Amino acid sequence: MNEPYLEVTYRKGRALAAYFYLPRSGKKKAVRTRRVDPGLIIDFASNGEPLGIEITAPSEITAATLNKVLRDLGVAPVSAKDLSPLRAA
């Protein structure tokens, strides 16, 4: 997967949880996690590569909050528009 993408789970029309998939090579599995902010958990492969970010509180996450984490991981930032599915319904 070369491009990051956002997957959102909805319940009763509201975003319940989301996962921001990060670019990666091959099929890697998460072997460890790290909580970085309230509502954000990073999944890492066995080689330390970040695989994705679990968003457990979608209504509370802003682009600025996520971009701080992405910057620390060396990943390109997102725009508020990229996160608009979290605000749907």
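Preceding block: the structure.
Residues numbered from 1 in each chain as written. Predicted model: local features only at pLDDT ≥ 70, side-chain atom pairs only at ≥ 80, totals over all residues. Heavy atoms only, no water.

## A look at the nonpolar core
1) Next: Residues Phe20, Leu40, Ile53, Leu66 and Leu70 are the most contacted members of the largest nonpolar core, which totals 19 residues.
2) Next: Elements supplying a minimum of two residues to this core: β2 (14–21), β4 (40–44), β5 (50–55) and α1 (63–73).
3) Next: The dominant element in this core, judged by the number of residues it contributes, is α1, at four residues.
4) Next: Dropping the residues within four chain positions of it, Leu70 is found in contact with Phe20, Leu22, Ile53, Val75, Ala76, Pro77 and Val78. (Core = buried A, V, L, I, M, F, W, Y, C linked by side-chain atoms within 4.5 Å. Buried < 20%, exposed > 50% of the residue type's maximum accessible area, 1.4 Å probe, protein only. Helix = DSSP H or I, 4+ residues; strand = E, 2+ residues; numbered from the N terminus. Contact = heavy atoms within 4.5 Å.)

## Some words on the pairing of strand β3 (residues 32–37)
1) Next: As defined by bridge partners, β3 adjoins β4 across five bridges and the pair is classed as antiparallel. Residue pairing across strands places Thr33 opposite Asp43, the latter belonging to β4.
2) Next: In this antiparallel pair of consecutive strands, β3 and β4, the connection spans two residues, and Gly39 shows a positive phi of 95°. (Pairing = 2+ DSSP bridges.)

## Details of the pairing of strand β1 (residues 5–11)
1) Next: Looking at chain direction, β1 and β2 are connected through seven bridges and run antiparallel. Paired with Thr9 across the strands is Ala17, a residue of β2.
2) Next: Two successive antiparallel strands, β1 and β2, enclose a turn made up of two residues, where Lys12 displays a positive phi of approximately 55°.

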